[in-house]
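# Architecture and fold: a report
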Amino acid sequence: MATFNAFANGDGSTCTIAAVARVASASASASASASTSAGGGAPSFSSLSSSSPPPPSSLLSSVVSPPRLAPLARPPSMLKAVFLSHLIDERHVAALDPALTAFISLSRRREFFEKASPLAGSSVYHEQIVTIGGEEGRDGPKRQILLQCRGIFSTSDFFEKSLRAGDGAAARKVFESACVAASEGADVIGLGQFTSIVTLNGVTLLPRADGRNKDLVVVGCGSGGAPLEPSRAAQKEVTLTTGNSLTVAISYRALLRVVSARGKKLRDLRVAVIGAAGNIGRVYAELLAPDVASLLLVHREPLDASPKFRKAYRTVCTVVGSTAASTKIEATHSLERIADCDVVINGTNSTQKFLEPHLLKRNAVVLDVSVPSNIDKKVLSSRPDVECFLGANACLPLGQKLISPLMPTEDGDVFACMAETAALAMAMALDGAASDRRGGAPLPLTPSDSLRRSRRGGSHSVGALSREGVLATLAIADRVGIRIGHVKRMTQAEAAVAQQQKAAAAAAAPGSFSRL
C-alpha cells in the first residue's frame, strides 16, 4: 500500500509529531514576530494551534506519521484503474495521518479546511494489484490490473458548497485530478463521492465539440507515464465511469438481503426513496416501482417547482403504467411523509444529518447509500427498533481485500463505485483490450473496445443512468468475480462504543478525537 503523507520525509522514513511540533512552533514564533513588526495583520496558519496547550511529552514520541512507500511496479501491459475520491469531513483526516490531528481541535481543523480546500490538490493514497476472478474455462488464465486510489485533499462540505454556488471550483479540481491520473497511464478513471456529482455524473469531463477536454479522454502516455510519439498518442484512450450503476445494483441486492432476513417481501412494503430526482435515486426508484406495495419519492423541492423532480416522477410512473401509478407512486418534498414507510432508501448529495429519530416509522429499515451518511447519530442511540444499514459495499474477487485507513468500509470491502471502476478494467483485461505500451499497433477491436469508444465515455454510468445499464454493469461485475460485500448495520451498541472511544481519545490527548 502506498500512503500519501504530507509529513513523510522524501527518503520514505517516518517523521514524528515531535519534529512537526518543533517546526510549527518555530513558524508560529516567526509569524508572531512578523505580525508584531508589521503592526498587526491577518493571523497566519500557524496561529491556528497557538492557543493549544503544549502536548504531553509521552505523546510527542508515540504519534508517528506513516511512511510514504514507493509506487508499485507494474508490467507495461497491465491495465490501470484509478479511483478519484476526497476526504469525507474534518474527522476523516485522522485516517490520513495522526500527526495532522493529534493536537488540533475539530473546530480548528474545520477552519483550516474552509481556507485550504479551494487550494488543495490530489495525491495517491493507496494502490494494489488485483487478480481477476474470471471463469477459467471461458476467460483463460487469471490476469491482473493495478487499482490505484487518488484522493483530493478537500472535504465533502467544500464540494457541496461549490455545487450549490455553481462556481465550478470543485468541478475544475476534479478535472485537474483526472488529467493527472490520465497522464500517469490510467486506462479507467472512476469518479467517487462528490467528484461525480459536481461533474454532472462525468458529463463535463467528456470530449466537447469545441475541443475542450480532449487531453483527458485521449491521452498519449507510455510506460511509467512517459509521453508517446504524436503518431501513437491517439491510441491511448481513457474510460470514464461514475460507478453509479453498480452502486444501485449492489445496494438493491443489499436491500433484498435485508428484507429477506426479516422474513418479508418487497410487495408487502411501503418504500421511500430520498433523493429521488438524483441520478442514483431515480433509477433506484425505477427498479423498486414494479415490486413494492407503494413508493414515495422525496426531493428537497416541491414537484411543481422542480422540472428535474417532475421528469423523474414521470419516468418512474411510466415503469408501472399510468393506472397503477395513480395509486402506487407519490411525490413529496416533505421529509415528514416518510413516517409511514417501512423502508427508507437514502441517496442524496447532502452532507447534513437530516434523518432524525422522529421521522422514522417503528421498526423501519433505512438503507443509506450516501457518503457521508445522512443518518443522525441519535437514531442509533434512541431508536433501537430502527435498523440502519450502509449499503453499496462490494468485495473484490478471490477473497482479495482493500485495507486502507482512508477507506471506511467493513473487512476489506470497497465502495461499489470503486468496484465498478475496477470491474471495467478487469473486463478489458479479460478481453485483451489493452494496447501494448511498448510499441506496435493496438490489438483488434473487442466488445470492451466498443464500450470504451461509446459516446458516454466507456461505461453505462456516465450521464443519466438506466435500468438496462445497471443490469449490464452488474453482469460485468459478476463476470469478473465482484460480489456484494458486507451489509453494514449501524447499531445502538456501535454508537455507544464510538462515544466511549471519542471520550477516551479526548481524555488521552486534548484536542484530538477518535476516527470513529
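Residues numbered from 1 in each chain as written. Predicted model: local features only at pLDDT ≥ 70, side-chain atom pairs only at ≥ 80, totals over all residues. Heavy atoms only, no water.

### Brief notes about unusual backbone geometry
Threshold: Note on conventions: DSSP H or I runs of at least 4 residues are helices, E runs of at least 2 residues are strands, and numbering of each starts at the N terminus. Exposure categories follow from relative accessible area, calculated using a 1.4 Å probe and restricted to protein chains: below 20% of the type maximum is buried, above 50% is exposed, and the middle band is partly exposed.
Non-glycine residue Leu200 carries a positive phi angle of around 55°. With respect to the element layout, Leu200 can be found in the loop between α8 (194-197) and α9 (214-217). Of note, Asn363 is a non-glycine position whose phi angle comes to about 65°, a positive value. Note on placement: Asn363 falls in the loop between β9 (343-346) and β10 (365-368). On the basis of relative accessibility, which here comes to 40%, the residue Asn363 falls in the partly exposed class.

### Considering the confidence of the model for the protein chain
Rules: The pLDDT value tells you how sure the predictor is about a given residue, anywhere from 0 up to 100. For this analysis, residues touch if any pair of their heavy atoms sits within 4.5 Å.
Residue-level pLDDT values for the protein chain average 74, and 67% of them are 70 or greater. Confidence drops under a pLDDT of 50 for residues 433-457, and excluding neighbours within four residues, the segment shows 56 contacts in the predicted structure. Throughout residues 495-516 the model reports pLDDT below 50, and contacts reaching past four residues in sequence, or to other chains, amount to 31 contacts.

### Some details on the sheet that holds strand β2 (residues 122-131)
Note the threshold: At least two DSSP bridges between two strands are needed for those strands to be called paired. With axes taken as lines fitted to C-alpha atoms, and helix axes fitted only over the stretch in contact, angles between N-to-C directions fall between 0 and 180 degrees.
With mixed pairing, 5 strands are arranged side by side in an open sheet as β2-β3-β1-β4-β5. Each edge of the sheet is formed by a strand with only one pairing partner; in this case those strands are β2 and β5 (239-241). Geometrically, the sheet is characterised by an average inter-axis angle of 20° between neighbouring strands, direction not taken into account. Across 3 bridges, the pairing between strand β4 (residues 188-191) and β5 is parallel. Bridge assignment links Ile189 to a residue of β5, and that residue is Leu240.

### Considerations on the pattern of salt bridges
Heads up, the rule is: The term salt bridge refers to a pairing of a side-chain nitrogen on Lys or Arg with a carboxyl oxygen on Asp or Glu at a separation within 4 Å.
For the coordinates displayed, the defined rule picks out 18 salt bridges. The salt bridge partner of Asp376 is Lys378, with a shortest N-O separation of 3.2 Å. Taking relative accessible area as the criterion, Asp376 reaches 9% and is therefore assigned buried. One salt bridge in this structure joins Arg483 and Asp478, with 3.8 Å as the shortest N-O distance.

### Considerations on the packing of helix α11 (residues 244-261) against helix α12 (residues 279-288)
A pair of packed helices is characterised by two quantities: the angle between their axes and the separation of those axes. To keep it simple, the criterion reads: Angles are sorted into four bins: roughly parallel if under 35 degrees, roughly antiparallel if over 145, roughly perpendicular if 65 to 115, and oblique for all others. Helix crossings are classified by the rotation of the near helix relative to the far one: an anticlockwise turn of less than a right angle makes the crossing left-handed, while a clockwise turn makes it right-handed. All residues other than Ala, Val, Leu, Ile, Met, Phe, Trp, Tyr, Cys, Pro, Asp, Glu, Lys and Arg, Gly among them, are scored as polar; the first ten of these are nonpolar and the last four charged.
Closest axis-to-axis distance for the α11/α12 pair is 10 Å, and the angle between their directions is 45°. In terms of orientation, α11 lies oblique with respect to α12. Like other packed secondary-structure pairs, α11 and α12 cross with a definite hand, here right-handed. Together, Asn244, Thr247, Val248, Ser251, Tyr252 and Leu255 of α11 and Asn279, Ile280, Val283, Tyr284, Leu287 and Leu288 of α12 make up the contact between the two elements. Class assignment of the residues belonging to the contact of α11 with α12 gives a composition of 8 nonpolar, 4 polar and no charged.

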